[in-house]
Amino acid sequence: MFLKMIKNDLIRNKVVTITVFVFITMAVILAASAINNIANLIQGISKFQESAAPSDITVMHAGEYDQEEIDQFTEQYRDHIEMQETMVLQNIDGSNIHFGQNQTMAGTIQDISFVVQNKHFDFILNLDNEKLDVKEGFVAVPIYFMEQHDLKIGDTITVKSGWYEKAFVISDYARDFEMNSPLTSSKRFVINQFDYNEMLKMQAGELEYLIEFKLNESGDPAVVRAAYNEAGLPANGPILEGKIFAIFNSMSDMIVALVIIFISILLLVIASLCIRLTFLATIEEESREIGVMKAMGISKKDIKKIYLNKYRVISAAGGITGYLLSFAAVNLLNSNMRLYISNDLSGSLKYILSLIAPLLVYVMIVMYCKRVLKRIDKISAVRALRSDIMKQGKKRKYSFPLLKNKFLSTNIYMGLRDVGKRFKLYRLLLVIFIVCTFIVILPVNIYNTITSPEFSTYMGIGKQDIRIDLRRTDSITDNFEKLQEELQNDSDIEKFAPYITSSYQVKNAEGSWDNMNIEIGDFSVFPLKFLEGRAPERQGEISLSFANATKDGLNKKVGDEVTVRVGREEKTLTVTGIYQDITNGGKTAKAHSSLGVNEEAILWYIMSLDLAEDVAVSEKMEYYQNAYSTAQVNDIKEYTQQTLGNIIDQMGTVVLGGISIATIIAVLITALFLRMLLSKDMSQIAIMRSVGLTLKQISHQYMAGTLMVLLMGIILGVLAASLLGEFLVSMAMSSMGAAKIEFVHTIWQTWLLCPLALLTAVGLTIVISCKVAIKDDLSVVLRS
């Protein structure tokens, strides 16, 4: 009997059944897709790491070094070190790499190196995650440049540097565990040993070294790193531990997965509210049937079972459907993962973990249904047969008298008045509109923020028009001085500031020495936004990045002192400020020029500049790029795009998905709510029609009230996405070195375009729902 009643109810209430089913399915699709994506990421990174065998400690060094000293150090620490290998990189400027129709890679922010495959570990792989074996005359191009310049297998790139010139045919794309991510500042092209030797003989590139260590199972990277620094071995570049490479590789996919999980949680909240709305409508419509069943002696438990089993069936069906569809939906999210990490995502972990989503949704829905069904306990057989149960309780207070209305039409005023008098009923719809708006606006705000030039402040650089990076060459110092003189005499330049970054040894919280990149210059010209304190302005001052100031870094706060070793001299500097920086693992510092340049470990020279008004940025960039062929000349927007390209592209997909999902939710919930409300008010509508009000006038009352709730929801949703959204994103980004994100708002999008899209979709739904519901036969309503 129960199964027959459930079947009949599902058929009779098709609209409600389909609506609830769609919501549950969407909730499961999103949640399962996000979990699926994380499972794929875990397995993909694991397989990638296993095949690539990356180093546990990598020391980047430019300049002279003694391999025998490194070998002696390795033998001394055999308890920790399993293997050691030194990779020699030949750095080639992007302007010397030609492809296509007279195109070059000039302007890239990446250091380009040509290498041969390692012998023991830190292997560079192809797209099947197999160790690359490049033949003579061929080259394996990093995935990053394949995407940037649309390079295809079989295309030719030509290296022209000094007397050296050679054309290479692209045979593979290089998947590089250590340098895959755009967040790393170097990329490795793999060539054959014969071609490499020829390039080395012709001195085509500047030499740089990766001194790499593979530790055994009991090896402690902190011990080896500290010992390496204490031994004074070559390290005029950063020293990186292996875990940072895994973080860089997973960062863009993890950020997207976290955003989707958050949206799926909001969707589960809406699904629960939808169930509540449905029950209110059902109990309202079937109060007399419930009273009859109670009068017949059917127990409250059995009555609840009828309604509960219905939603058990819908939840199970929606969960299974959403679970299966999630494997198709996840393909929209993991294209970046398939390209950069692994194209084989066939592991079984995702099937197991993804089951969490439908099971969790099923349990949540059933538990929530049981809670809402307690309303049935309050329905007595006599009262249910006599009147509308929703009218029990307090007497209605007649406020908002019609006589006081002097500005609005009568129908609009009556609609707004209804919202005020029955706000408890409308608040459910208000909450859903707020959440829908939040789902739309939050991804839009994130996308606009990371694509804005102002995002540079979270990358440890001030807002500027153009950034010029000078590469390490024999003439770099001369070029740097010449560039400053030219900028000084260029009337198109409003202001500029030179900055020099070197690697220094800094005493850490344990009292041992770590290598740290410290930038010196005048930081008042292009100021950063500081979390605490200010920029270094006087001799003996330094500011630290947020990641450097935390317990995992130097564990310092404003006013503390930092000991820095410059050459053989130790200097004590006072921390004046803490800023945000997500580059270089988030651990950087900026000091007053009085610290001095560490000549033996200069990493890069940077020139920041702002142009005078009405000067074309593109033309000025082209001029300086041609004048200094070994320099990287980028506007700050392009610099951000090259650094965060993957994250930006994937957030674009999330923005479109959020808008689509929120619009569908808002439309379905609005239709369901109006169905409940109009069903509840059926007698009142019949009375209004009997006293002469037209269908159009009655419709306008309900339209006015619902549209006002929608407008309130949109306004509160935009505010919540801006204020609460900043807090949530800051929490997520704090581990990356940015603890306080301030959204960049594009007003026409957040306050006009997105709200207008919701208003249009929901407005049409309101119009159609009101017109359809109010046209019921008046005689049938009055007889009931």
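A short tour of the structure in this document, coming up. Here the residue index of a chain counts from 1 through its sequence in written order. Where local features are concerned, this predicted model is filtered to residues with pLDDT of at least 70; where side-chain atom pairs are given and counted, the filter is 80 or more; whole-chain, interface and lining totals use all residues. The basis for the side-chain values is all heavy atoms of the structure; hydrogens and waters are excluded.

**What about the overall build of the chain?**
Helix and strand labels come from DSSP, where a helix needs a run of H or I of at least four residues and a strand needs a run of E of at least two; each type is numbered from the N terminus. Counting its secondary structure elements, the chain contains 23 helices and 21 strands. Residue burial is assigned from relative accessible area. The probe radius is 1.4 Å, only protein chains are included, and a residue is buried under 20% of its type maximum, exposed over 50%, and partly exposed in between. Classification of the 784 residues of the chain by burial places 55% in the buried group. Look at the contacts in the chain between residues 6 or more apart in sequence, and 80% of them connect residues 24 or more apart. A contact between two residues is defined here by any heavy atoms of the two lying within 4.5 Å.

**Remarks on the pairing of strand β1 (residues 57-61)**
Most of β1 is tucked away, with five of its five residues classed as buried. Both faces of β1 are covered, namely the face carrying Ile57, Val59 and His61 and the face carrying Thr58 and Met60. Strand pairing is defined by DSSP finding a minimum of two bridges between the two strands. By the bridge criterion, three bridges tie β1 to strand β11 (residues 239-241) in an arrangement that is antiparallel. Pairing of Thr58 across the sheet is with Leu240, part of β11. Sheet topology note: the β1/strand β10 (residues 206-215) ladder contains five bridges and is antiparallel. If you follow Met60 over to β10, its bridge partner there is Leu210.

**Focus: the packing of helix α15 (residues 423-450) against helix α19 (residues 636-680)**
Axes here refer to lines fitted to C-alpha atoms; in helices the fit is confined to the stretch in contact. Angles between the N-to-C directions go from 0 to 180 degrees. In contact at an axis separation of 7 Å, α15 and α19 are set at 165 degrees when each is read in the N-to-C sense. If you check the angle between α15 and α19, you find them roughly antiparallel. For the crossing formed where α15 meets α19, the hand is left-handed. In terms of residue class, the contact of α15 with α19 is built from 27 nonpolar, four polar and one charged. Orientation is classified from the angle alone, with under 35 degrees giving roughly parallel, over 145 giving roughly antiparallel, 65 to 115 giving roughly perpendicular, and any other angle giving oblique. Handedness of a helix crossing follows the sense of rotation of the near helix relative to the far helix, less than a right angle counterclockwise being left-handed and clockwise being right-handed. Under the convention adopted here, Pro, Cys and the residues Ala, Val, Leu, Ile, Met, Phe, Trp and Tyr are nonpolar, Asp, Glu, Lys and Arg are charged, and Gly plus all remaining residues are polar.

**Describing the nonpolar core**
Side-chain atoms within 4.5 Å link the members of a nonpolar core, which is a set of buried Ala, Val, Leu, Ile, Met, Phe, Trp, Tyr and Cys residues. Among the nonpolar cores identified, the biggest contains 138 residues, and Phe114, Val139, Phe189, Ile270 and Ile665 are the most heavily contacted of them. Sorting elements by how many residues they give to this core places α19 first, with 18 residues. The residues contacting Phe189, other than those within four sequence positions of it, are Met105, Ile112, Ser113, Phe114, Val115, Val139, Ala140, Val141, Pro142, Phe145 and Ile157. Counting 38 residues, the second-largest nonpolar core is a separate cluster that includes Ile500, Val564, Leu595 and Ile602.

**Quick look at the pattern of salt bridges**
One side-chain nitrogen of Lys or Arg within 4 Å of one carboxyl oxygen of Asp or Glu is enough to make a salt bridge. On inspection of all chains with the given rule, the structure shows 19 salt bridges. Salt-bridge contacts for Asp150 lead to Lys152; the nearest nitrogen and oxygen are separated by 2.6 Å. Given a relative accessible area of 41%, Lys152 falls into the partly exposed group. One salt bridge connects Asp418 with Arg422, and the closest N-O pair in it is separated by 2.8 Å. The two residues Asp418 and Arg422 agree in class, both being buried. Counted as one network, the salt bridges with shared partners bring together Arg534, Glu537, Arg538 and Glu541.

**Topic: the sheet that holds strand β3 (residues 97-99)**
Here eleven strands make up an open sheet; going across it, the order is β4-β3-β7-β8-β6-β9-β5-β2-β10-β1-β11 and the pairing mixed. Single-partner strands in this sheet number two, and they are β4 (103-104) and β11. Taken together, the five bridges between strand β5 (residues 111-115) and strand β9 (residues 186-191) define a ladder with parallel strand orientation. In the sheet register, Ser113 faces β9, and the bridge partner there is Arg188. Its contacts with the sheet place helix α3 (residues 67-76) against β2 (81-91) and β10, and it is angled at close to 155 degrees to β2. Across the sheet, helix α5 (residues 193-201) is in contact with β2, β5, β6 (138-142), β8 (164-174), β9 and β10; its angle to β8 comes to roughly 145 degrees.

**Quick notes on unusual backbone geometry**
Here Ala53, not a glycine, exhibits a phi torsion of approximately 45 degrees, which is positive. Looking at the secondary structure, you find Ala53 in the loop between α2 (14-52) and β1. The class for Ala53 is buried, based on a relative accessible area of 16%. Despite not being glycine, Gln203 has its phi angle at roughly 50 degrees, a positive value. Take Gln203: it is sitting in the loop between α5 and β10.

**Some remarks on the packing of helix α14 (residues 410-421) against helix α21 (residues 695-733)**
Running from amino to carboxyl end, α14 crosses α21 at an angle of 50 degrees, the nearest separation of the two axes being 7 Å. With respect to α21, the element α14 is oriented oblique. When the axes of α14 and α21 are compared, the crossing they make is right-handed. Contacts between α14 and α21 involve Asn411, Ile412, Met414, Gly415, Leu416 and Val419 on the former and, on the latter, Gln697, His700, Gln701, Ala704, Gly705, Met708 and Val709.

**Details of the pairing of β10**
With eight of its ten residues buried, β10 lies for the most part within the structure. Note that β2 and β10 share ten bridges and pair antiparallel. Its bridge partner lying in β10, Met83 is registered against Lys214.

**With respect to α3**
Of the positions making up α3, those classed as buried are Ile70, Phe73 and Thr74. The arc that holds the buried residues of α3, viewed along the axis, is 100 degrees, so those residues lie on one side. Exposed positions of α3 whose direction lies more than 90 degrees from the buried face are Glu68, Gln72, Glu75 and Gln76. By the criterion applied in these results, polar contacts are pairs of N or O atoms within 3.5 Å in which, for protein atoms, one can donate a hydrogen and the other can accept it, and in which residues neighboring in sequence qualify only through two side-chain atoms. Between the side-chain oxygen at the start of α3 and the backbone nitrogen of Glu68 there is a gap of 2.9 Å, and the oxygen is on Asp66. In this description, the arc belongs to the directions extending from the helix axis to the C-beta atoms.

**Comments concerning the packing of aromatic side chains**
A pair of aromatic rings is counted whenever rings of Phe, Tyr or Trp (Trp by its six-membered ring) have centres within 6.5 Å, and the orientation is called stacked for planes under 30 degrees apart, edge-to-face for over 60 and tilted otherwise. As enumerated under the stated definition, the model contains 19 aromatic pairs in all. Aromatic ring contacts, followed pair by pair, group Phe114, Tyr144, Phe145, Phe168 and Phe189 into a single cluster.

**Here we look at helix α12 (residues 356-372)**
Between its terminal C-alpha atoms α12 stretches 24 Å, which fits the 24 Å expected from 17 residues at 1.5 Å a residue. All of the buried residues along α12 are Ala357, Pro358, Val361, Ile365, Val366, Tyr368, Cys369 and Val372. One face of α12 carries all of its buried residues, which in axial projection span an arc of 165 degrees. Along α12, the residues that are exposed and aim more than 90 degrees away from the buried face are Leu359, Met367 and Arg371. A helix is expected to reach a length of 1.5 Å times the quantity of its residues less one.

**Focus on the environment of Met367**
Note that Met367 resides in helix α12. Met367 gets classed as exposed once you look at its relative accessible area, which sits at 52%. The spacing of Met367 and Leu308 is 59 residues in sequence and 9.7 Å in space, taken between C-alpha atoms.

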